[in-house]
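If you want the building blocks of each chain, they are given just below.
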Amino acid sequence: MEAEKWGRRIRAFRKLKGFTQEGFAKELGVSVSILGEIERGNRLPAPALIEQIAFALNVTQEELAPKQEHD
């Protein structure tokens, strides 16, 4: 569930910033298949990769992070 939220936000920000999946994967130095797994929610990005993604998208990690749901 957490991985899906991260993936949706990463994909949304990537598209907003005009990156293709292939171009963004290249920018990050990861394969397209790994980025695809992250965006589909099949893989939770490591903290170091989250930092790299935020930097590449010119957003803070807090902006990139899924919003916390409160009960």
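Note that the structure is predicted; figures quoted are calculated from it, not measured.

A. Up close: the nonpolar core. Among the nonpolar cores identified, the biggest contains 16 residues, and Ile53, Leu57 and Leu64 are the most heavily contacted of them. Those elements giving two or more residues to this core turn out to be helix H1 (2–16), helix H2 (21–28), helix H3 (32–40) and helix H4 (47–57). No other element matches the 5 residues that H4 contributes to this core. Once residues within four sequence positions are removed from consideration, Leu64 is found in contact with Trp6, Arg9, Ile10, Phe13, Ile50, Ile53, Ala54, Leu57 and Val59.

B. Fine view of the confidence of the model for the chain. Averaged over all residues, the pLDDT of the chain is 94; the fraction at 70 or higher stands at 96%. The weakest mean pLDDT in the chain belongs to helix H5 (residues 61–64) at 94; the strongest belongs to H3 at 98.

C. Fine view of H1. For H1, which comprises 15 residues, the first-to-last C-alpha distance of 21 Å matches the rise-based estimate of 21 Å (1.5 Å per residue) to within 8%. Every buried residue of H1 is accounted for by Ala3, Lys5, Trp6, Gly7, Ile10, Phe13 and Arg14. Where H1 is buried, its residues meet H2, H3, H4 and H5. Gly18, located one to two residues past H1, shows a positive phi value of around 85°.

D. Structural context of the UniProt feature "domain: HTH cro/C1-type" (unreviewed entry) in the chain. Summarizing the sequence annotation, UniProt attributes the feature "domain: HTH cro/C1-type" (unreviewed entry) to residues 10–64 in the numbering used throughout. Across residues 10–64, helical content stands at 71% and strand content at 0%; the span's end C-alpha atoms are separated by 7 Å.

E. Spotlight on the pattern of salt bridges. As enumerated under the stated definition, the model contains 3 salt bridges in all. Here Glu39 makes a salt bridge to Arg14, at a shortest N to O gap of 2.6 Å. One end of the pair, Glu39, is in helix H3; the other, Arg14, is in helix H1, with 25 residues separating them in the sequence. Given a relative accessible area of 6%, Arg14 falls into the buried group. When salt bridges that share partners are traced, they join Arg11, Arg14 and Glu39 into one network.

Scoring rules and cut-offs
Residues numbered from 1 in each chain as written. Predicted model: local features only at pLDDT ≥ 70, side-chain atom pairs only at ≥ 80, totals over all residues. Heavy atoms only, no water. Core = buried A, V, L, I, M, F, W, Y, C linked by side-chain atoms within 4.5 Å. Buried < 20%, exposed > 50% of the residue type's maximum accessible area, 1.4 Å probe, protein only. Helix = DSSP H or I, 4+ residues; strand = E, 2+ residues; numbered from the N terminus. Contact = heavy atoms within 4.5 Å. pLDDT = per-residue confidence, 0-100. Expected span 1.5 Å × (residues − 1). UniProt positions renumbered as here; feature names shortened; annotations may be inferred. Salt bridge = Lys/Arg side-chain N within 4 Å of Asp/Glu carboxyl O.

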